[in-house]
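Coordinate analysis (summary)
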Amino acid sequence: MFTGLGETVQDVKAVRAAKAGKRLVIALGRLVDDAKLGDSICVNGTCLTINELDGDVASFDVISETLRTTTLGSLKVGGRVNLERALRAGDRFGGHMVQGHIDGVGTVDEVAGS
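Parameters at a glance
Within each chain, residue numbers correspond to sequence positions counted from 1 in written order. Thresholds applied to this predicted model are a pLDDT of at least 70 for local features of residues and 80 or more for the giving and counting of side-chain atom pairs; totals over whole chains, interfaces and linings are not thresholded and use all residues. Values shown for side chains rest on all heavy atoms present in the structure; no hydrogens or waters enter the calculation. Per-residue confidence from the predictor is given as pLDDT, running between 0 and 100. By the criteria applied, helices consist of DSSP H or I runs no shorter than four residues and strands consist of E runs no shorter than two, each listed in order from the N terminus. Definition used in this section: a nonpolar core is a set of buried Ala, Val, Leu, Ile, Met, Phe, Trp, Tyr and Cys residues joined via side-chain atoms within 4.5 Å. Exposed residues in this analysis have more than 50% of their type's maximum accessible area, buried residues have under 20%, and partly exposed residues fall in between, with area computed by a 1.4 Å probe over protein chains only. Here a residue-residue contact requires only that any non-hydrogen atoms of the pair lie within 4.5 Å. Any two strands with at least two DSSP bridges between them are considered paired. Every axis in this analysis is a line fitted to C-alpha atoms, fitted for helices over the stretch in contact. Angles between the N-to-C directions lie between 0 and 180 degrees.

1. As for the confidence of the model for the protein chain
Model confidence for the protein chain is summarised by a mean pLDDT of 86, while 79% of its residues fall at 70 or above. Across the protein chain, element-level confidence peaks in strand β2 (residues 21–27) with a mean pLDDT of 97 and bottoms out in helix α1 (residues 64–69) with 91.

Structure (structure tokens):
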């Protein structure tokens, strides 16, 4: 579970082809301090699992369905992403409960104002 409140904004270091989709390589910034393999990280609102950790850089395998139904499919090297660690039992949260799992796809019909 996540709060929906991003903790940091970091860079996409690489986007590589993978067996079932793509591998995203992303700098974790200060989130690396307690990160480990298998941890869930919310990347632009989508729950991903760390499958490789090299220094402060994590790799995430993303399947084609997730790439198609989220903004993750359009990420490029140098792009910036919002990151958030999963909540631990007993953590305070100031946002709202977010799973980071995709339940549906909507269409933006209009963006008004700026």
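2. Thoughts on the nonpolar core
Ile26, Leu28, Val43, Phe60, Leu72 and Leu83 are the most contacted members of the largest nonpolar core, which has 18 residues in total. For this core, the secondary structure elements donating two or more residues are β2, β3 (40–43), β6 (57–63) and β7 (80–85). When residues no more than four places from it in sequence are discounted, the contact partners of isoleucine 26 are Asp11, Val12, Lys13, Val43, Asp56, Val57, Ala58, Phe60, Val81 and Leu83.

3. Quick word on the pairing of strand β1 (residues 8–18)
Each regular strand shows side chains that alternate between the opposite faces of the sheet. Note: β1 against β7, four bridges, orientation antiparallel. Paired with threonine 8 across the two strands is leucine 83, which belongs to β7. Here β1 hands over to β2 after two residues, the two strands then running antiparallel side by side.

4. What to know about the environment of alanine 17
With respect to the element layout, alanine 17 can be found in strand β1. Overall, alanine 17 belongs to the exposed group, its relative accessible area being 76%. Between the C-alpha atoms of alanine 17 and aspartate 61, which are 44 residues apart in sequence, the distance is 9.4 Å.

5. Description of the environment of alanine 35
Among the structural elements, alanine 35 can be located in the loop between β2 and β3. You can call alanine 35 buried: its relative accessible area is 16%. Separated by 18 residues in the primary sequence, alanine 35 and leucine 53 have C-alpha atoms spaced 8.4 Å apart.

6. Regarding the sheet that holds β7
The sheet built from seven strands is open, its strands ordered β4-β3-β7-β1-β2-β6-β5 with antiparallel pairing. Each edge of the open sheet carries a strand with a single partner, namely β4 (46–49) and β5 (52–54). Strand-to-strand twist of the sheet, defined as the mean angle between neighbouring strand axes without regard to direction, takes the value 40 degrees.

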